[in-house]
Amino acid sequence: MTVERTYAMIKPDAVKRKLIGKIVDRIEAEGFTIVAMRKHCFSLKEAQGFYFVHRARPFYPELTEFMSSGPIVALVLERDNAIAHWRDTMGATNPANAAPNTLRKLHAASIGENCVHGSDAPDTAAQEMGFMFPGISLL
């Protein structure tokens, strides 16, 4: 097992539905340490920058509009195999395909409004943590 960090986000749909506490409780129950956390409202330009890797995908305009529609909660999580464990905890992007008791199965409204985000690899995690926590030393 390797202790690592990952980036997690509680998306605008979950913030709007007052699910921050439930999601944070689940994060801690899964054995994660919350290294950093902040609430933030993306401008459209910031959302476009954060999701730049998807700029050629047909869902990009809708995604960036949604992500700039309300506040998000950005987190840096740490534990053994954090990236894989957080992705397992989130469940499949489409809540209809998500495993039972995953966050998306429990709380997602749709494939677009799927309540949480998580990095898919160490380099992505590093980039996303740097984007959301610039100039901050994460102890």
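Residues numbered from 1 in each chain as written. Predicted model: local features only at pLDDT ≥ 70, side-chain atom pairs only at ≥ 80, totals over all residues. Heavy atoms only, no water.

Asker: What is the right way to look at helix H5 (residues 82-90) in this model?
Answerer: Every α-helix winds through 3.6 residues per turn, so residues three or four apart in the chain are directed the same way. Looking only at H5, the buried set comprises Ala82, Ile83, Trp86, Thr89 and Met90. Taken around the axis of H5, the buried residues stretch over an arc of 130°, which confines them to a single face. On its buried face, H5 is in contact with strand E1 (3-10), helix H2 (20-29), strand E3 (72-80), helix H6 (103-107), strand E4 (116-118) and helix H7 (122-132). Of the residues flanking the end of H5, it is Gly91, one or two places downstream, whose phi is positive at about 90°. (Buried < 20%, exposed > 50% of the residue type's maximum accessible area, 1.4 Å probe, protein only. Helix = DSSP H or I, 4+ residues; strand = E, 2+ residues; numbered from the N terminus. Arc of directions from axis to C-beta. Contact = heavy atoms within 4.5 Å.)

Asker: I would appreciate a short explanation of the packing of aromatic side chains in the present structure.
Answerer: When we look at a pair of aromatic rings, we describe it by the centre distance and by the angle of the planes. Going through the model one piece at a time under the given rule, you end up with five aromatic pairs. Relative to Phe131, the ring of Phe50 lies with its centre 5.4 Å away and its plane at 75°, an arrangement referred to as edge-to-face. Placement of the pair is Phe50 in helix H3 (residues 44-50) and Phe131 in helix H7, with a sequence separation of 81 residues. Classification of Phe50 as buried rests on a relative accessible area of 4%. We classify Phe131 as partly exposed; its relative accessible area is 30%. Through successive ring pairs, a cluster of aromatic residues spans Tyr7, Phe42, Phe50, Tyr51 and Phe131. Over the face of the ring belonging to Phe32 we find Arg79, whose NZ or CZ atom lies 5.6 Å from the ring centre. (Phe/Tyr/Trp six-rings, centres within 6.5 Å; stacked < 30°, edge-to-face > 60°. Lys NZ or Arg CZ within 6 Å of the ring centre and 35° of its normal.)

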